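Descriptive analysis of the structure
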Amino acid sequence: MRHYASLLHATLAASLIVVVITAAALAGPREDIKEAHTAYRRGDDATAFRIVRQLAKQGVAAGQALFGAMYAEGAGVTQNYGEAMKWYRKAADQGLAGAQALLGAMYAEGTAVPQNYGEAMKWYRKAAHQGEAFAQASLGFMYEHGKGVTQNYGEALRWYRTAAEQGDADAQILLGAMYAEGRGVPQNYVNASLWFNLSAAQGNSLAKKYGDSIAERMNSAQIAAAQKLTHEWKAGAGMVSLHVHQPHRRHHQNVLRGHLIPGSRPGALETGLSSRAR
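Residues numbered from 1 in each chain as written. Predicted model: local features only at pLDDT ≥ 70, side-chain atom pairs only at ≥ 80, totals over all residues. Heavy atoms only, no water.

1. What to know about the packing of helix α7 (residues 81–93) against helix α8 (residues 97–109)
At a closest axis distance of 8 Å, the pairing of α7 and α8 adopts a crossing angle of 140°. What the angle tells us is that α7 and α8 run oblique. Here α7 and α8 pass one another in a crossing that is left-handed. For the pair α7 and α8, contact is made by Tyr81, Met85, Tyr88, Arg89, Ala91 and Ala92 and by Ala99, Gln100, Leu102, Leu103, Met106 and Tyr107, respectively. Residue composition of the contact of α7 with α8, by class: ten nonpolar, one polar and one charged. (Axes fitted to C-alpha atoms, helices over the stretch in contact; angles between N-to-C directions. Helix = DSSP H or I, 4+ residues; strand = E, 2+ residues; numbered from the N terminus. Parallel < 35°, antiparallel > 145°, perpendicular 65-115°, else oblique. Left-handed = near helix turned anticlockwise from the far one by under 90°. Contact = heavy atoms within 4.5 Å. Nonpolar A, V, L, I, M, F, W, Y, C, P; charged D, E, K, R; others polar.)

2. Some details on the pattern of salt bridges
Once the charged atoms of two side chains with opposite charge are near each other, the side chains can pair. Going through the model one piece at a time under the given rule, you end up with eight salt bridges. A salt bridge links Glu155 to Arg158; the shortest N-O distance between them is 3.0 Å. With Glu155 and Arg158 both in helix α11 (residues 153–164) and three residues apart, the pair spans about one turn of that helix. We classify Arg158 as partly exposed; its relative accessible area is 29%. Here Lys208 and Asp212 are joined by a salt bridge, their closest N and O atoms 3.1 Å apart. One end of the pair is Lys208 and the other is Asp212, both in helix α14 (residues 205–215) and four residues apart, which spans about a single turn. (Salt bridge = Lys/Arg side-chain N within 4 Å of Asp/Glu carboxyl O. Buried < 20%, exposed > 50% of the residue type's maximum accessible area, 1.4 Å probe, protein only.)

3. A short note on the packing of aromatic side chains
Taken as a whole and judged by the stated rule, the model has six aromatic pairs. With 5.0 Å between their ring centres and 40° between their planes, Phe49 and Phe67 make a pair best called tilted. Of this pair, Phe49 sits in helix α5 (residues 45–57) while Phe67 sits in helix α6 (residues 61–73), and the two are 18 residues apart along the sequence. By relative accessible area, Phe49 is classed as buried at 8%. Using a relative accessible area of 2% as the deciding quantity, one classes Phe67 as buried. With a centroid separation of 5.1 Å and an interplanar angle of 70°, the aromatic rings of Phe67 and Tyr71 are classed as edge-to-face. Placement of the pair is Phe67 and Tyr71 together in helix α6, with a separation of four residues, close to one helical turn. (Phe/Tyr/Trp six-rings, centres within 6.5 Å; stacked < 30°, edge-to-face > 60°.)

4. Overview of the nonpolar core
By size, the foremost hydrophobic cluster in this structure holds 80 residues, and its most contacted members are Tyr88, Tyr124 and Trp195. Take this core: its biggest share by element is nine residues, from α8. (Core = buried A, V, L, I, M, F, W, Y, C linked by side-chain atoms within 4.5 Å.)

5. Considerations on the environment of Ile223
Relative to the elements of secondary structure, Ile223 occurs in helix α15 (residues 220–235). You can call Ile223 partly exposed: its relative accessible area is 28%. The spatial distance from the C-alpha of Ile223 to the C-alpha of Tyr189 is 8.9 Å, given a sequence separation of 34 residues. Apart from residues lying up to four places away in sequence, Ile223 is in contact with Ala215 and Met218.

6. Some points on the environment of Gln202
Counting through the fold element by element, Gln202 comes out in the loop between α13 (189–200) and α14. With 35 residues separating them in the primary sequence, Gln202 and Gly167 have C-alpha atoms 9.0 Å apart.

7. A few points about helix α10 (residues 133–145)
Here α10 contains 13 residues, and its C-alpha end-to-end distance of 18 Å stays within 8% of the 18 Å for a straight helix at 1.5 Å per residue. When you tally the buried positions in α10, you get twelve out of 13 residues, the bulk of the element. Buried within α10 are the following residues: Ala133, Phe134, Ala135, Gln136, Ala137, Ser138, Leu139, Gly140, Phe141, Met142, Tyr143 and Glu144. The residue sitting at the N-terminus of α10 and contributing the capping side-chain oxygen is Glu132; that oxygen lies 2.9 Å from the backbone nitrogen of Phe134. (Expected span 1.5 Å × (residues − 1). Polar contact = N/O pair within 3.5 Å; in protein donor to acceptor, adjacent residues only side chain to side chain.)

See below:
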């Protein structure tokens with residue numbers, strides 16, 4: 001489990017780039033943003049780059065985030081993390097949650113800047129409080145491992161849960177690991193199995209592996225209970241049946257919650273959160 005968590009954070013900076021690109025396309029009625037996204041998906045990086053460069057220089061936050069993402073990926077331009085950082089910051093300063101999360105990831109990984117967990121935490125928090133699941137899961141990781149903050153399993157659990165309840169597959173597997181190992185919460189294989197099942201249902205093969213491993217330690221009644229909880233969650237019952245403390249669930253209006261659009265063109269850095277562990 002811990003190996004998975006380390007692998008997760010090692011790829012954070014790359015994993016959200018496609019989210020920024022997709023979210024920018026969904027952020028409003030601007031036809032130019034949508035045109036850039038369409039060009040990117042079909043592999044026409046030059047057209048996408050030309051459009052977002054103009055938007056970025058006009059001060060459009062979504063365009064700035066896209067511009068930074070293309071520099072980070074080297075799409076339509078020579079890869080340059082320094083330029084990516086510059087444009088992410090411009091978008092982040094305007095309050096764009098996806099750009100804030102990416103900025104946090106770059107500080108956490110020391111990409112284009114000296115590694116600085118304090119700065120990473122600052123930007124993750126800004127994005128997380130806007131409802132960005134990637135940033136919420138990242139905060140959970142930082143708390144779990146004591147990076148830039150005093151280690152606190154309770155806070156890790158809270159942020160993992162917040163992201164997991166939004167349907168983030170990797171937050172779900174990390175939350176399942178907390179239950180499986182009894183970190184920040186009493187060990188509970190039924191709840192661990194629930195979150196592994198939900199993550200696996202999104203195609204996360206590592207979650208299926210962990211779920212199968214946990215099942216070997218469970219009796220038939222526990223397995224049945226986990227299956228019931230999983231069914232209730234999928235049917236919309238959510239966490240009603242879980243006998244554990246839960247933080248208040250706020251409803252966020254956030255353009256980044258859409259995550260990946262089916263059919264998006266895969267790229268070197270376009271490995272979404274739910275596909276990293278496959």
